[in-house]
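So you can see what is in the structure, the chains are spelled out below.
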Amino acid sequence: MKQAFADYKFFFIAIALLWVKTYIVYKTAFELPMDNKIQELILFINPISSVILFLGITLYFKGKAHRRMIIAVSAIMSFVMYANMVFYRFFNDFITIPVLFQTSNMGDLGNSVFELIQPTDVLVFVDILILAYFMRRADYRPARASRKQITLTYAAAIVFFIVNVGIAETERPQLLTRTFDREMLIKNIGSYNYHIYDSIIQSKAKAQRAFADGSEITDIENYTRANYKEPNPEMFGKAKGKNVFVISVESTQNFVINESVNGKEITPFMNDLIKDSYYFPNFYHQTGQGKTSDSEFLLDNSLYPLPSGAVFFTHSQNQYNATPEILKEQGYYSSVQHANNKSFWNRDIMYDNFGYDRYYSLKDFEVTPENSIGWGLKDKDFFKQSIPHLKEMQAMNKPFYTKYITLTNHFPFTLEEEDEMIPEWTSNDGTVNRYFTTVRYTDEALKEFFADVKAAGLYEDSIFIMYGDHYGISENHNDAMGQFLGKEITPFESTQLQKVPLIIHMPGEKGKQMDTVGGQIDLKPTILHLLGIDTKGDIQLGSDLFSKDREDFAVLRDNSYITKDNVFTDGKCYDKATGKPVEGEENACEPYAERAKTELDMSDRIIYGDLLRFYDKDKAKQN
Ligand code: GP9
Ligand code: MN
């Protein structure tokens, strides 16, 4: 035994290094709040099983090859860790396999990646260099390990894993069978095991499609039929035959509306527009890891995006019944305008699938270093350059549906001084400080755009639907947000910060504030009904925001849900009036719990099983 330790000295040192390093990264690079000592213990021991598992491979090699394998395995595992660190800085989340294969996205991150990488990051790899140096100096060349030694090593990995999961199960029952969030998985089984777990989940998804059969669509159809809400007769067809401008306003949260920073209004144009529009202050984004693309998925399908990965990537081959396709039947021409690579978020493929006639992407805009910042073309130039596209669409002699996706108000929220309409805020959180200034810029771009649309003679015959795609300020910035809002950011407040503005502007209509609780899932039936298109019989999980029968309800992709009076998040039911967990009547949220779960599950089933391929809409409509 002692001999084995001596023979494979560096093998054991490598295990210890990787193990301890992983723990240090957990504690320094991620925010993993610990409730008690047991959780801390679980976190400490959770890397060991996978570290042994993977470094165990090196035992199949002898001499120099063994040495090289130690370096290779340590480097790969450290790199996986590092990729998670960088990803976390941006998304406040951990990588999942589908996201990992979005390499085109990762490449395009460009500027943001630069902002996310820090000089101290080299520390993640330094120990490997030192290890390599000492192995060489010691001329470490062990003989091939015996079968018994290898078996013992793997047995140790298994034992560590069982002990790990055993303790975790007592802490968090049903950890692996129920869907918890990624943070909880990392905390309990560790980042490497999490990736293994994730790959199993993803393969399962692949299998799900293969095994799905047509009968499953029936109960989904029954559910959506039963939950269908009759349109408000005063609003149905109100915008029949009009052009539709959908404007996805990057990272814009509702808290900036009617707010000032250092005495300066953040969104003066939108604040004005709201006065002549239908404005929904209780409207939530429902996106997951697919960010903007998830919001687009919600918009055009009235289905939820996925609990992990971006549905635009993972299920772009599915059958959908998206808005552009429906509008085509009604004689509409549809397009998207966004000055980014067409393949970003796999948009080119997915748009085609949704039935968009045209995608005006990067190559359709003139993008130069002068008119770009951060992620690309500045919003003002983007809107300006879109006017000729509108003329093109107009020349088709058909009404059009066009979706704009803005870009300037994107992390890291940079702007040239000449474009700053209001100065940055002055907290010690640069991201939050800059956010207000870039939101203000986008607001100005919108103002100019409306003027240009009017000048082009397109205003009167159109309606405008503007909404925020998702949050811009993640929970990593709760301190500064707390300072801005003058209150502590509790899980309740955090959920309320997921509100994004929704403004429906119809020229000639006065509009009003609509307090109904809703989300992006409701956009599709709302828009179609305004255009006088019936949605009864459609498979949709949202409902018309103008419907008189509507219930106040929104489910977020992290399983939180919001009703008229309550917010359920983080396992607690909060009272909106007080912002505190409901006391006494614990059941205030309970009647909605089942519905929230059912709707998310149903949506996942539709997507994983590609169930819409079994749905004959025309036949269903006749019944
Ligand atoms: C990229 C833009 C921003 O094309 O939509 O993407 P996001 O990071 O917000 O999903
Ligand atoms: Mn976005």
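Residues numbered from 1 in each chain as written. Chains lettered and ligands numbered in written order. Predicted model: local features only at pLDDT ≥ 70, side-chain atom pairs only at ≥ 80, totals over all residues. Heavy atoms only, no water.

> Sorry if this is basic, but what is going on with the sheet that holds strand β18 (residues 580–581) here?
Each strand in a sheet pairs with its neighbour through backbone hydrogen bonds, running either in the same direction (parallel) or in the opposite one (antiparallel). Ordered by their spatial adjacency, five strands build an open sheet running β14-β15-β16-β17-β18, and the pairing between neighbours is antiparallel. The sheet terminates laterally at β14 (553–555) and β18, the two strands that pair on one side only. Summarising the sheet, strand β16 (residues 566–569) and strand β17 (residues 572–575) pair through four bridges and their orientation is antiparallel. Considered in β17, the bridge of V567 is made with Y574. Together, β14 and β15 (561–563) form the strand contacts of helix α23 (residues 590–609), whose direction differs from that of β14 by roughly 50°. (Pairing = 2+ DSSP bridges. Helix = DSSP H or I, 4+ residues; strand = E, 2+ residues; numbered from the N terminus. Contact = heavy atoms within 4.5 Å. Axes fitted to C-alpha atoms, helices over the stretch in contact; angles between N-to-C directions.)

> Looking at this structure, how should I read the pairing of β17?
In summary, the side chains of a regular strand alternate between the two faces of the sheet. The antiparallel hairpin formed by β16 and β17 contains two residues in its connecting segment, where D570 sits at a positive phi of about 55°. Two strands pair when backbone bridges link them, and β17 and β18 are joined in this way by two bridges, in the antiparallel orientation. Within β18, the position partnered with D575 by the bridge is K580. If you look at the hairpin formed by β17 and β18, you'll find four residues sitting between the two strands, and G579 has a positive phi there, around 75°.

> Which parts of the structure should I look at to understand the pattern of salt bridges?
The final tally for this structure, using the stated rule, is 37 salt bridges. Among the ionic pairs, R557 bridges to D604, the shortest N-O distance being 2.9 Å. Taken together, the residues span a long stretch of sequence, with R557 in the loop between β14 and β15 and D604 in helix α23 at a distance of 47 residues. The same class applies to R557 and to D604, which are both buried. (Salt bridge = Lys/Arg side-chain N within 4 Å of Asp/Glu carboxyl O. Buried < 20%, exposed > 50% of the residue type's maximum accessible area, 1.4 Å probe, protein only.)

> Got a minute to help me understand the site of ligand 1 in this structure?
Taken together, E250, K291, T292, H338, N340, F344, W345, R347, W375, L407, H410 and H470 are the residues near ligand 1. Side-chain polar atom of E250 to an oxygen atom of ligand 1: 3.0 Å apart, as the coordinates give it. Between ligand 1 and W345 there is a distance of 2.9 Å, counted from an oxygen atom to a side-chain nitrogen or oxygen. In isolation ligand 1 has 300 Å² of accessible area, and contact with the protein removes 99% of it. The residue makeup of the shell around ligand 1, split by class, is four nonpolar, five polar and three charged. (Near = heavy atom within 4 Å. Polar contact = N/O pair within 3.5 Å; in protein donor to acceptor, adjacent residues only side chain to side chain. Areas by Shrake-Rupley, 256 points an atom, 1.4 Å probe, with all protein chains shown as cover. Nonpolar A, V, L, I, M, F, W, Y, C, P; charged D, E, K, R; others polar.)

> I tried to follow a nonpolar patch on the surface on my own but got confused; where do I start?
A surface patch of nonpolar side chains, amounting to about 690 Å² of accessible area, comprises V122, L123, V126, L129, I130, Y133 and F134. Turning to its location among the elements, F134 is positioned in helix α8 (residues 123–137). (Patch = residues over 30% accessible without salt bridge, like charges linked within 9 Å, V, L, I, M, F, W, Y side chains within 5 Å.)

Shape descriptors only; they carry no functional weight alone.
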